[in-house]
Structure formats: C-alpha cells, structure tokens
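What the coordinates show
So the chains spell out like this:
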Amino acid sequence: MTETAGALDYDVLVVGFGPTGAVAAGLLGRLDHRILVIDRLTDVYDKPRAIALDHEIFRHFDNMGLADAISPYIEPFTASEHFGVDGQLIRRIDMVAKPYPLGYTPSMVFSQPAVETELRRHATGFSNVRAELGVELLGLSQTSDRVEAHLKDGDGRHRSVTARYVLGCDGASSTVRQIAGLALEDLIFDEPWLVVDVRVNEDALARLPQCSAQFCNPARPASFLIGPKNHRRWEIMLLPGEDARQMERPENVWKLLAPWLTPHDGELWRAASYRFHALVAAEWRNRRILIAGDAAHQQPPFIGQGMCQGLRDATNVVWKLDHVLKGVSSDGLLDSYGVERKQHVIELTGKIKAIGQSICERDPAAARRRDAQILADGGGKPLLLTRQEIIPPLRAGCLSQHEMPARGTLFPQPRIARGGAARLLDEVTGTGWRVLIDGRSDNAAFMLSLCAARPDVSAAAVVPAGAGLPNALEETEGVLANWFDRHGIVAAIVRPDHYVFGTVRNASGLGDLLREIELRRRDVRPTQDSRSEMERTP
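Throughout what follows, the structure given in this document is the object of discussion. (Residues numbered from 1 in each chain as written. Predicted model: local features only at pLDDT ≥ 70, side-chain atom pairs only at ≥ 80, totals over all residues. Heavy atoms only, no water.)

**Brief notes about the overall build of the chain**
Just so we agree on the cut-off: Helix and strand assignments come from DSSP, with helices taken as H or I runs of at least 4 residues and strands as E runs of at least 2, each series counted from the N terminus. With C-alpha atoms as the basis for the radius of gyration, the globule rule is written as 2.2 Å multiplied by the number of residues raised to the power 0.38. Buried means the residue's accessible area, taken with a 1.4 Å probe over protein chains only, is under 20% of the maximum for its type, while exposed means over 50%, and partly exposed covers the values in between. Contact between two residues is taken to exist if any of their heavy atoms lie within 4.5 Å; hydrogens are not considered. Areas reported here follow the Shrake-Rupley algorithm with a probe of radius 1.4 Å; residue values treat only the protein chains shown as occluding. Under the convention used here, Asp and Glu are negative, Lys and Arg are positive, and both His and the chain ends fall outside the count. Where a charge lies is defined by one atom per residue type, namely NZ (Lys), CZ (Arg), CG (Asp) and CD (Glu).
Across its full length, the chain holds 17 helices and 27 strands. Scaling as 2.2 N^0.38, a compact globule of 538 residues should have a C-alpha radius of gyration of about 24 Å, and the chain matches this with 24 Å. Seen through its C-alpha atoms, the chain measures out along the principal axes to roughly 70 × 65 × 45 Å. The proportion of buried residues among the 538 residues of the chain is 57%. Within the chain, contacts between residues separated by at least 24 positions form 71% of all contacts whose residues are at least 6 apart in sequence. With the model as given, the accessible surface of the chain reaches about 21,700 Å², and the carbon-plus-sulfur share is 50%. Considering the chain, the positive charge centre built from 63 side chains and the negative charge centre built from 69 side chains are found 1 Å apart.

So, in structure tokens, the structure goes:
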C-alpha cells in the first residue's frame, strides 16, 4: 500500500470481539462509521469470566437500546461482607442508597456469555458494521492517513484491509499492543488464585451465605460472589507449592469447596487458575493505533471492575474517534484518551490493590492488626463503604482547565416527569454534548439563551417536581437539585460519555465554559492568562 490517497475499506478496524470490542463496534456503528471487527475465535466463550458491572456501564447499554435485551441476565449485586481472622465481620462494601444517582441499580452481576451474545448481535445489526470471525491479525503498517492490516482467514488465505484507525480490544496477550510497541507497566501485584464457578442446586442455595463475602483468613483467603440465578463463584488463593493446573482438577476443586458444598450440591461450571496482575500500558496510542480493555490494563478483581474498566475505555475513545472521523476535532483529541484512562486505571487499581493486599494477608499477627485497624476506622464497628465511592473521577484530559466542583465526575441521571410517567434524563435530552442548568436559578433563562447560539450543544433547565417553571424539565426525586446544591453550582457541561467537562457557580461563567469546549475539542488549550469569571467568582 502506498501513501497516495485512495479509497479506504473502513473507518475503524476493531480487533477483538469480546465485550470491549463489541461495545466499541456497536457505538461506532450507531454513529454511522464503517467498521470491521475481527476475532480469531469463532464463538462467544461459553464460560463466565467477568461477573460484575455497574450503573455507569448499564447507562451506556441503555443508551445503546440494549437494556431490555440484557436485563434477563442481570441481577443486583449483593453487599460484600469481609470477615477477619476469627470470622468476625470487619467491613461491608455495599452500593449507594436510593434514589440511585444514575437511575439504575448501582452494582450488578451478570452472565457474560448471554450478555456478550447480545452485545455482538447489537453491533452486527448495523449494516455498516461487518464482523469476521476466525480471522487472525498478522501485522499492521501505518502511513500518514491510514493503517493497513494484514490478516489470515480461517482457511489460511492472507489478505489486507485498510482503515483510518485500528482499535485493539484483543485481550491481555494483545497482538495489536505488541505490534504497536506499547509496553506494559507493572503496578506490583501478582498473586495466584483459583476461580471456581458452580451452578448450585436449588436445595443447596439456602445453605450458602446470602451476601457476597470475603473470607480474610490468613490460612487461605477466599472470596464468594452471588451471581445471577443459581450461579455462585469462589475465588480461592493458591498457597506456595500448590500446582495451579493440578488445583483445577475437579477432585481438588471440590476439596476446596468442602466448607460450603459437596459434589452432589451443584454442577462445576468452570475452574481456572489465574495470576491476579496489576498492569497498565505506558502509552495507549501509537499514531493511528489505539488499545482498550485487557490489552491496555489488567487489575485484581476484588471489587468487580475488570470489564467495567474495558467498557469505560470503549465509551471514552469512541466519542473522540467520532469527532475526529467527522472533522469536528483534530487528531490530537485522541491523546486525551490515554491521558484520562491511564490515570483513572492507575488510581482505581491502587485502591483495589489496597483492598486485595488486605484480603491476601497471610501472616496471622499482621492479619489481626489489619482487623483491628479496619474496625477502628469504622469507629469500633464494621467499616461501611460503597463500591461507588471507590471509583475515582477523571482528573486530566478533555476537561475544563478550571478545577471546579464535580469536574471529571459522572453526571447524575434523574427521572423526568413526562406525560404522567417518568423517563430517564438521557432519553429526554440525548447523549451528545449537553448543558444542564439548575432551573431554580434566577438566571436560568439567560443561561439557556447563551446555549441557543450553540447548535452543537443541547441545553435544558431542570427543576424539582411541582416547581411549575415554563420550559424546564421536572425531575421526580430531587437527584439533580441535591447534586447542584451539594456542589454549589448552577450549571454543568456534560460530555457524550456522561463525564462532567466543567461546572460554573454563576451565569457569567457559562459563556467562558462554552468557549472552552470548542478549544478543548479542537485540541487548543486556553492560555493561562485568560482568567474567566469561573476563576474570579467564588
């Protein structure tokens, strides 16, 4: 392939058709881009791997029109109770209370094979998305305006296709990452565990814990998770000297499960040994090649964020690719993808490592000190945390340069009264760039008029139910009013992936923030001396 201009086969080649690749392909297809997605395997893996997702991810599934299709395979995630050396409850990790901030159950468990099948079905439902299975990536060659991918089909035939960008979602041993020369950084966690999935018989379910649990026993730490229906998972630490492959054998698995189940109590669905790693790619992009999901990071599973992290990658990079492919933004916008996601992964992995290292403590004396400290942190009672408070915000990238409250956090999704029913905000406003205004503000009408000159940004004022203000959306549970009050702000600009670009404390700052969107999207940074009303006004 020469560097001369010519027709391109595709806008984006997605390598890997697991959950991250399927979501990326579906989102890009919905945005009218020509997509080829390939995978060297021909079928969805029929065993469960990921088991947890959260309200941020389900919000995107709902935006994609998938909520009804995948809901039969999803259930609320029970609280996780952590038990210390002597079997005492030391910590409880649950989800935030109602009214739920994004409109959905905040933490969920799911059946991966069924959900992944629906994600693939959705992606291939677009005429502009082509999926080719049993296809292996052999090489990538970049020029100034394209990437040429060298492929091998299932019948051994070699061929090449071209695309403007390549997105590698091809797992921990990513071929795309290796070809692109994107190295992994070690975040220093490496522990051997056995993951066991069981379909438990109905009569045995009542004998098992009714909450998910972490048994922080230094003799052998173990986790117990309640999956959908009769699916139960154990994650059991392997001890020094134990052979991982031998421990996967059914007779050894059932010995480990003996405190809970016998072989007559259920069907062994999967037993797989893993080394729980903490790794992150040093760079997430090499010119026109980007990586996402396990290709870009791996982390311990202690709060069930592995797949969520991959789908955050997909929803982050897709809107930026869309802007670049449509000429709205320069290619430089894609640099913010790695900036945002790498820092987020490192920060969240650090929190997960701390929980994991606490769980994995093998020294009995140190474990007792751990138990005492956790109880002390809880004021002499089991420490209460939510999974949601563990997830960090974005801290750098395509965000306002002004460090205002709530910048980089997920924007809430209140329920909006419409025609005698309640609909979620995204359904009412859409999911592009949005300005959401506190309709109780005296300057709400002025702020809406500022937004009217920006056809690329939608705007809405939101008020509590019963306020009776014209041209305002009425929320039914006060979620957004409480959010505005808590942060002391009157308006927020929200990105297509629902992260808050920036906020303002008064109407005069909104014009500056609207102008800043354009600079940031075009990858032009505001000058440091252009101080705005956002900075000057407390």
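**Notes on the sheet that holds strand 7 (residues 107–110)**
What counts, and what does not: Pairing between strands is defined by DSSP: at least two bridges between them are needed. Axis lines are fitted to C-alpha atoms, over the contacting stretch for helices. Their N-to-C directions set the angle, which ranges from 0 to 180 degrees.
Spatially, the three strands line up as an open sheet ordered 3-7-4, and their pairing is antiparallel. If you trace the sheet from one side to the other, it starts and ends with strand 3 (52–54) and strand 4 (74–76), each paired once. This sheet shows a mean twist of 35° between the axes of neighbouring strands, independent of strand direction. Looking at chain direction, strand 4 and strand 7 are connected through three bridges and run antiparallel. In the strand pairing of strand 7, Glu75 is matched with Val109. Packing of helix 9 (residues 306–325) onto the sheet brings it into contact with strand 3 and strand 7, and relative to strand 3 it is tilted by some 50°.

**Here we look at the nonpolar core**
Nonpolar side chains in soluble globular proteins tend to end up buried together. What counts is decided by this rule: To define a nonpolar core, start from buried Ala, Val, Leu, Ile, Met, Phe, Trp, Tyr and Cys residues and group those joined through side-chain atoms within 4.5 Å.
By size, the foremost hydrophobic cluster in this structure holds 111 residues, and its most contacted members are Leu53, Phe58, Phe61, Phe302 and Ile493. The element that contributes the greatest number of residues to this core is helix 9, accounting for 10 residues. For Phe61, the residues in contact, after removing those within four places along its chain, are Val23, Leu53, Leu66, Ala67, Ile70, Leu119 and Leu311. Counting residues in hydrophobic clusters, the runner-up holds 22 residues, among them Phe224, Trp234, Leu256 and Trp260.

**Examining the pairing of strand 2 (residues 35–39)**
Filter applied, for reference: A crossover gets the label right-handed when its path from the first strand over the helix to the second runs clockwise, viewed with the strands pointing away from the viewer.
Taking burial as the measure, the five residues of strand 2 include five buried ones, the bulk of the element. In this region the chain leaves strand 1 (residues 10–15), passes through helix 1 (residues 19–30) and returns to the parallel neighbour strand 2; the handedness of that crossover is right-handed. Both strand 2 and strand 8 (residues 129–133) contribute to a ladder of five bridges, which runs parallel. Bridged to Leu36 within strand 8 is Arg130.

**Observations regarding unusual backbone geometry**
With an omega dihedral of -5°, the bond running from Lys98 to Pro99 counts as a cis peptide bond. With respect to the element layout, Pro99 can be found in the loop between strand 6 (89–94) and strand 7. Even without a glycine there, the phi angle at Lys229 is positive, about 55°. By the element assignment, Lys229 lies in the loop between strand 14 (222–226) and strand 15 (231–237). With a phi angle near 75°, Ala406 is a residue other than glycine that sits in the positive phi range.

**A short note on the packing of helix 2 (residues 55–63) against helix 9**
The line we're drawing: Angle categories are assigned with fixed cut-offs, so that under 35 degrees is roughly parallel, over 145 is roughly antiparallel, 65 to 115 is roughly perpendicular, and the rest are oblique. It is the rotation of the near helix from the far one that decides the hand of a crossing: anticlockwise by less than a right angle makes it left-handed, clockwise makes it right-handed.
Running from N to C, helix 2 and helix 9 cross one another at 45°; their axes reach a closest spacing of 10 Å. Relative to helix 9, the element helix 2 lies oblique. In the packing of helix 2 onto helix 9, the handedness of the crossing is left-handed. Residue-level inspection shows Glu56, Ile57, His60 and Phe61 of helix 2 in contact with helix 9, the latter providing Cys308, Leu311, Arg312 and Thr315.

**Some words on the environment of Leu256**
Structurally, Leu256 can be placed in helix 8 (residues 250–256). Classification of Leu256 as buried rests on a relative accessible area of 13%. Counting along the chain gives 140 residues from Leu256 to Ala396, while the straight-line C-alpha distance between them is 45 Å. In contact with Leu256, not counting residues within four places along its chain, are Leu194, Arg220, Ile236 and Met247.

**Remarks on the pairing of strand 1**
Burial within strand 1 is extensive, with six of its six residues counted as buried. Pairing between strand 1 and strand 11 (residues 158–168): five bridges, direction parallel. Considered in strand 11, the bridge of Val14 is made with Leu167. Sheet topology note: the strand 1/strand 2 ladder contains four bridges and is parallel. Residue pairing in the sheet places Leu13 in a bridge with Leu36 of strand 2.

**A short note on the packing of aromatic side chains**
Stated precisely, the cut-off is as follows: A pair of Phe, Tyr and Trp rings is counted when the ring centres sit within 6.5 Å of each other, with Trp represented by its six-membered ring. The angle between the planes then sorts it: under 30 degrees is stacked, over 60 is edge-to-face, the rest tilted.
This structure, assessed with the given rule, holds 10 aromatic pairs. With 5.2 Å between their ring centres and 55° between their planes, Phe224 and Trp234 make a pair best called tilted. With Phe224 in strand 14 and Trp234 in strand 15, this residue pair connects regions lying 10 residues apart in the sequence. Per residue, the accessibility class of Phe224 equals that of Trp234, and both read buried. The interplanar angle of 65° and the centroid separation of 5.6 Å between the aromatic rings of Trp483 and Phe484 together place this pair among those described as edge-to-face. Residue Trp483 shares its accessibility class with Phe484, and that shared class is buried. Here the aromatic residues Phe83, Phe215, Phe224, Trp234 and Trp260 are joined through ring pairs into a cluster of three or more.

**Points about the pattern of salt bridges**
Basically, it comes down to this: Any carboxyl oxygen of Asp or Glu within 4 Å of a side-chain nitrogen of Lys or Arg constitutes a salt bridge here.
Overall, the coordinates contain 41 salt bridges when judged by the stated rule. Put simply, Glu251 and Arg249 hold a salt bridge, and the shortest N to O gap is 2.8 Å. Accessibility expressed as a relative area gives 41% for Glu251, which makes it partly exposed. For Arg249, a relative accessible area of 40% translates into the label partly exposed.

**Topic: the sheet that holds strand 12 (residues 184–200)**
The mixed open sheet is built from nine strands, whose spatial order is 19-16-12-15-14-13-5-6-20. Pairing within the sheet leaves two strands with one partner each, and these edge strands are strand 19 (297–298) and strand 20 (383–386). Sheet analysis places strand 6 next to strand 20, joined by four bridges and oriented parallel. Paired with Arg92 across the strands is Leu384, a residue of strand 20.

**Topic: the side chain of His82**
With respect to the helices and strands, His82 occurs in strand 5 (residues 80–83). Among all residues touching His82, those that are not within four sequence positions of it are Gln88, Leu89, Ile90, Arg91, Ile93, Gln214, Cys216, Ile355 and Ile359.

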